[in-house]
Amino acid sequence: MAVVMEPPKEAQEAWEPRIVAFFCNWCTYAASDLAGISRVKYAPNMRIVRVMCSGRIDPSFVLEAFRDGADGVLIGGCNPGDCHYKEGNYKTMRRAMLLSQMLQDLGIEKERFRLDWICASCARELQTTVNHMTADLKRLGPLNWKGV
Amino acid sequence: MNPPAEAPRIGVFVCDCGFNILGVVDVPAVVKFAAALPGVVHAEEYKYMCSDPGQDLIKKAVQEHGLNRVVVASCSPTLHERTFRRVVSEAGINPFLFNMVNIREGVSWVTEDKVQATEKAESLIDAGVRRVTLQEPLEARSEPVNPNVLVIGGGIAGMHASLSLANANRGAKVHLVERQPSIGGNMARFDKTFPTLDCASCILTPKMTEVKIHPNIRLHSYSEVVSVDGYVGNFDVTIEHKPRYINEDLCIGCLKCIEACVFKDARFPNEFDLGLAKRKPIYIPFPQAVPTKVLIDPHDCLYLRLGTCKKTCIDACEKDAIDLEQKPDRVSLKVGTIVVATGFKPFDARRKPQYGYGVLPNVYTALEMERFLSPTGPTEGVPLLQDGRKPETVGIIHCVGSRDKNTNEYCSKVCCMYSLKLAHLIKERTGAEVYNFYIDMRTPGKGYEEFYERLLSEGLKVIRGRVAEVTKAALTRAEKDHLIIRAEDTLAGFVRRIPVDMVVLAVGLEPQSDTQELRRMLNLSCGHEGFLQELHPKLAPVSTATDGIFIAGACQGPKDIPETVAQAGAAASEALSLIHRGVVEIQPYTAVVNEELCSGCKVCIGMCPYDAIGYDEEKRVVHVTEVKCKGCGVCAAACPTGAMDQQHFRKELVMAEIAGVI
């Protein structure tokens, strides 16, 4: 398991975690648009990669994000039963469960990989999710994962 | 994927959006950053990139700098991706060699810190440039639009939309589905409408008849939509007709069967009158019902419930229209567009127990009062107390289930006005003294404030303050045998106790209780209060996130009749605009197979929710049926060899974007 060294205090304060977020076009990306329209502010650490359905998210995308230097990865999809493509989010859910277990086995903390169902009108939930995840990552510190 | 044929010459156009982006993001710095990215030969800033001069600027730059790929960093792609795709296409570049980066909804509107916002915008543009470098030219597919329309809900919104569509849409059918036995909706329950006090029936019933006889409208009353599949222009709809136990084609509405029923007295609550009046097991919902056909309630009919009855109704029917063995039947339709007009549900006043609804006598909801005031209602237009007397004093309580942290926080918009209308009508019919208890009197609208002024001059008593409770506990002789309304008068600054004979609760408007099921069936979204969500609150108020489906009336949020009708007209015109265009563009985000990599494991086949992937026994590889593929990409994520990919969302493109954002 990777041993993470505590970074010096000043560096820790200047450091900002980077979250790569994969959002489905219909629910969570729409929620991020709504957050904008409603001027719901959230931590600036998240970068969204839009896909049509959360079911498109290949686990290798998540691994790639960590390998490229992400400190956390967030997947946002429609609530169970609400998928625009009938059932893509159920597949995401199963993949994410396995992936989460695998990432933990690789030494990547559980909090660094999240799957959340965020509906199109859930701007506040999006805000809470991003802010909580950013706070969690600040507590955990940089990942600096070199891949497998 | 083939490498790009020519070296990328990318143009990056960063929009200020007035001060919307410029006020938070350091746009000049972002432009400088973008200009230095690999492949970028030109980068510039403009005030409003979506405006005509902004569009021209892009076209000019394409010519001048020989650009072959374009990135626009501005608002959300939901808003202007189509606009800019058209612009680049007019400039001679394939529209799929364009990428839109969201730095308004995604950055400037959601970020407080300007330095971090600028940094975020830069990394998103970096990702956008990396992505567009690898994008490949694609062609959008076009499909014909079926001219038939499905309208769900036969209230005033659904009827108006149906008639507008049917009048224009020569030859094609409008299928109007109403789950109640009659169309008309809640408006059919009203006596008069505000602020003109014109008779609701007089303006509604001719429209109901017109719907029934219109050659282009097929009315499916007492029916429900059970499934909707397909996509814009090509929806497959299944409708279930619930059994009326009457052959609709034969019944002429003579009502002799009702007279002949073995139940001599009407003893079952009539749904249309909200249970205030009674009906027989075989009945017509109300005299002006359309279609004017009787129906039998299987829970009340002796034969349908117990299997034994003299069946006097059958003997009375000269047309042999009664069919006690009728079963539900389903019909399948093909339509190109859908208008949803399912209306609202009145707030359940039992959820505010302090007002005594359902417990204290003579406490009614506003909708019940509408029935009392209707000439065809249970008391033939004169509200009466339970003991048969006319009330001498009536209290109307506003905002029951509206503007209330415990129930609904929103304002239901129509209650102030209808409460004033009810006050006027109660006064007119009974001569009673009427008190209105309000929080704020909200009367915006043409002629509305004037109506309020008129009511005040007629001697209406208004008290500003939320009512604490309605009670029977009298403290003085004057309060004895009355309902006492206790409320703080916030203008006078003390608590009042007003004894009245009757209380009317101005209940708010809520989403229909099965809105969630409807939303799932049609792939729509709801706002947090549960009403259906429009695509854009200002610029696309009747469109939805699902192309080809439009919403009208109170299913979208509380609104009065004029607004509802206006929306219904707008929804009809949006649908017609699609029908007249005749074709829809389908995004080419479909799955594609690299046959050289496919091992024929068939994992993708089981993944596909649309049955779009087949197996070629000869080549031992899978193939995608493009017209069936909806472009979710779930198969591409599952493919173990990387043979399956999704156009415009190819693995390389996503990977490039990931590398860019970090």
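Remember, predicted model here, so these are calculated numbers, not experimental data.

The rules behind these values
Throughout, residues of each chain are indexed from 1 in the direction in which the sequence is written. As a convention, the first chain written is A and the first ligand written is 1, with the rest following in written order. Thresholds applied to this predicted model are a pLDDT of at least 70 for local features of residues and 80 or more for the giving and counting of side-chain atom pairs; totals over whole chains, interfaces and linings are not thresholded and use all residues. No hydrogens and no water enter the side-chain calculation; it runs on all heavy atoms of the structure. Strands here mean DSSP runs of E at least two residues long; helices mean DSSP runs of H or I at least four residues long; both are numbered from the N terminus. Throughout, exposure labels follow a simple rule: accessible area from a 1.4 Å probe, protein chains only, divided by the maximum for the residue type, with under 20% read as buried, over 50% as exposed, and the rest as partly exposed. Two residues form a contact once any of their heavy atoms are found within 4.5 Å. Throughout, the Shrake-Rupley method with a 1.4 Å probe supplies accessible areas, and for residues the shown protein chains are the sole cover considered. For the charge count, each Lys or Arg is scored as positive and each Asp or Glu as negative, with His and the chain ends excluded. A charged residue contributes its charge at one atom only: NZ of Lys, CZ of Arg, CG of Asp or CD of Glu. Segment limits for the domains were obtained from an automatic or database-derived domain assignment. Here the expected span of a helix is defined as 1.5 Å times the quantity of residues minus one. Directions drawn from the helix axis to the C-beta atoms are what define this arc. Note on definitions: buried area is the accessible-area loss of two parts on being combined, 1.4 Å probe, summed for both. Salt bridge, as used here: a side-chain nitrogen of Lys or Arg that lies within 4 Å of a carboxyl oxygen of Asp or Glu. Pairs of N or O atoms within 3.5 Å make up the polar contacts considered here, provided that, within protein, one atom can donate a hydrogen while the other can accept it, and that residues adjacent in sequence are counted only when both atoms are side-chain atoms. Amino acid classes used here: Ala, Val, Leu, Ile, Met, Phe, Trp, Tyr, Cys and Pro are nonpolar; Asp, Glu, Lys and Arg are charged; the rest, including Gly, are polar. For our purposes a nonpolar core is just a set of buried Ala, Val, Leu, Ile, Met, Phe, Trp, Tyr and Cys residues, chained together by side-chain atoms within 4.5 Å. Only the six-membered ring of Trp is used, alongside the rings of Phe and Tyr, when aromatic pairs are assigned; centres must lie within 6.5 Å, and planes under 30 degrees apart are stacked while those over 60 apart are edge-to-face, with the rest tilted. We call a charge positioned above a ring when the Lys NZ or Arg CZ atom is no farther than 6 Å from the ring centre and deviates by at most 35 degrees from the ring normal.

1. Remarks on the overall build of chain B
Phase 1: From N to C terminus, chain B includes 18 helices and 34 strands.
Phase 2: Principal axes of the C-alpha set define a box for chain B whose edges measure 90 × 70 × 40 Å.
Phase 3: A burial count over chain B gives 57% of its 662 residues as buried.
Phase 4: Contacts spanning at least 24 positions in sequence make up 69% of the contacts within chain B whose residues lie at least 6 apart.
Phase 5: Carbon and sulfur atoms make up 51% of the accessible area of chain B, which totals about 28200 Å².
Phase 6: Computed over 76 positive and 82 negative side-chain charges, the separation of the two mean positions in chain B equals 4 Å.

2. Describing the domain arrangement of chain B
Phase 1: For chain B, the assigned domains read domain 1 (10-140), domain 2 (149-242 + 330-342 + 512-581), domain 3 (345-510) and domain 4 (591-646).
Phase 2: The straight-line distance from the C-alpha centre of domain 1 of chain B to that of domain 2 of chain B is 39 Å.

3. Some words on helix α5 (residues 123-140) of chain A
Residues and elements named next belong to chain A.
Phase 1: Counted at 1.5 Å a residue, the expected span for α5 with its 18 residues is 26 Å, and the 26 Å between its end C-alpha atoms agrees.
Phase 2: Among all positions of α5, only A123, L126, Q127, T129, V130, M133, T134 and L137 are buried. Down the axis of α5, the buried set is contained in an arc of 165°. They therefore lie on one face. In this structure, α5 carries R124 and R139 as exposed residues pointing more than 90 degrees from its buried face.
Phase 3: Along its buried surface, α5 packs onto β1 (19-24), α2 (28-37), β2 (46-51), β3 (72-77) and β4 (113-117).
Phase 4: Phi turns positive, to about 90°, at G141, one or two residues after α5.

4. Considering the interface of chain B and chain A
Phase 1: Contact with chain B, which involves 50 residues of that partner, is made by 48 residues of chain A.
Phase 2: The junction of chain B with chain A conceals about 4200 Å² of combined surface from both sides, 56% of it contributed by carbon and sulfur atoms.
Phase 3: Of all residues in chain B, the largest losses of buried area upon contact with chain A belong to B:W109, B:V110 and B:I662, amounting jointly to 15% of the total for that side.
Phase 4: Taken together, chain B and chain A are joined by 6 salt bridges.
Phase 5: B:R520 is paired through a salt bridge with A:D82; the nearest N and O atoms lie 2.5 Å apart.
Phase 6: Counting every contact that joins chain B to chain A gives 24 residue pairs in polar contact (both at pLDDT 80 or more).
Phase 7: At the level of elements, α3 (77-90), α4 (104-108), α5 (114-134), α14 (515-522), α17 (634-638), β34 (644-646) and α18 (651-661) of chain B are the ones that each hand at least two residues to the side of chain B that touches chain A.
Phase 8: Broken down by element, the residue count for the side of chain B that touches chain A peaks at 7 residues, all from α18(B).
Phase 9: Grouping the constituent residues of the side of chain B that touches chain A by class yields 22 nonpolar, 16 polar and 12 charged.

5. Points about the side chain of A:R112
Residues and elements named next belong to chain A.
Phase 1: Relative to the elements of secondary structure, R112 occurs in the loop between α4 (88-105) and β4.
Phase 2: Only 3.0 Å separates the side chain of R112 from the backbone oxygen of D71, close enough to count as a polar contact.
Phase 3: A distance of 2.7 Å separates a polar atom in the side chain of R112 from a polar atom in the side chain of E109.

6. Structural notes on the nonpolar core
Phase 1: Counting 69 residues, the largest nonpolar core has A:F22, A:V62, B:V12 and B:I125 as the members making the most contacts within it.
Phase 2: A total of 7 residues in this core trace back to one element, the largest contributor, which is α5(B).
Phase 3: Those residues in contact with A:V62, other than ones at most four positions away along the chain, are A:F22, A:I57, A:V73, A:I75, A:L99, A:L103 and A:F113.
Phase 4: Ranked by size, the runner-up nonpolar core spans 61 residues in total, among them B:I217, B:F263, B:I284 and B:I322.

7. Things to note about the packing of aromatic side chains
Phase 1: Enumeration according to the criterion identifies 9 aromatic pairs over all chains in this entry.
Phase 2: With 6.4 Å between their ring centres and 80° between their planes, A:F66 and A:W145 make a pair best called edge-to-face. Placement of A:F66 in helix α3 (residues 59-68) and of A:W145 in the segment after α5 is noted, with a sequence separation of 79 residues between them. Grouping residues by exposure puts A:F66 and A:W145 together as buried.
Phase 3: Here the basic side chain of B:K311 rests over the ring of B:Y303, its NZ or CZ set 4.3 Å away from the ring centre.
Phase 4: A cation over an aromatic ring shows up here: B:K602 above the ring of B:Y615, its NZ or CZ 4.2 Å from the ring centre.

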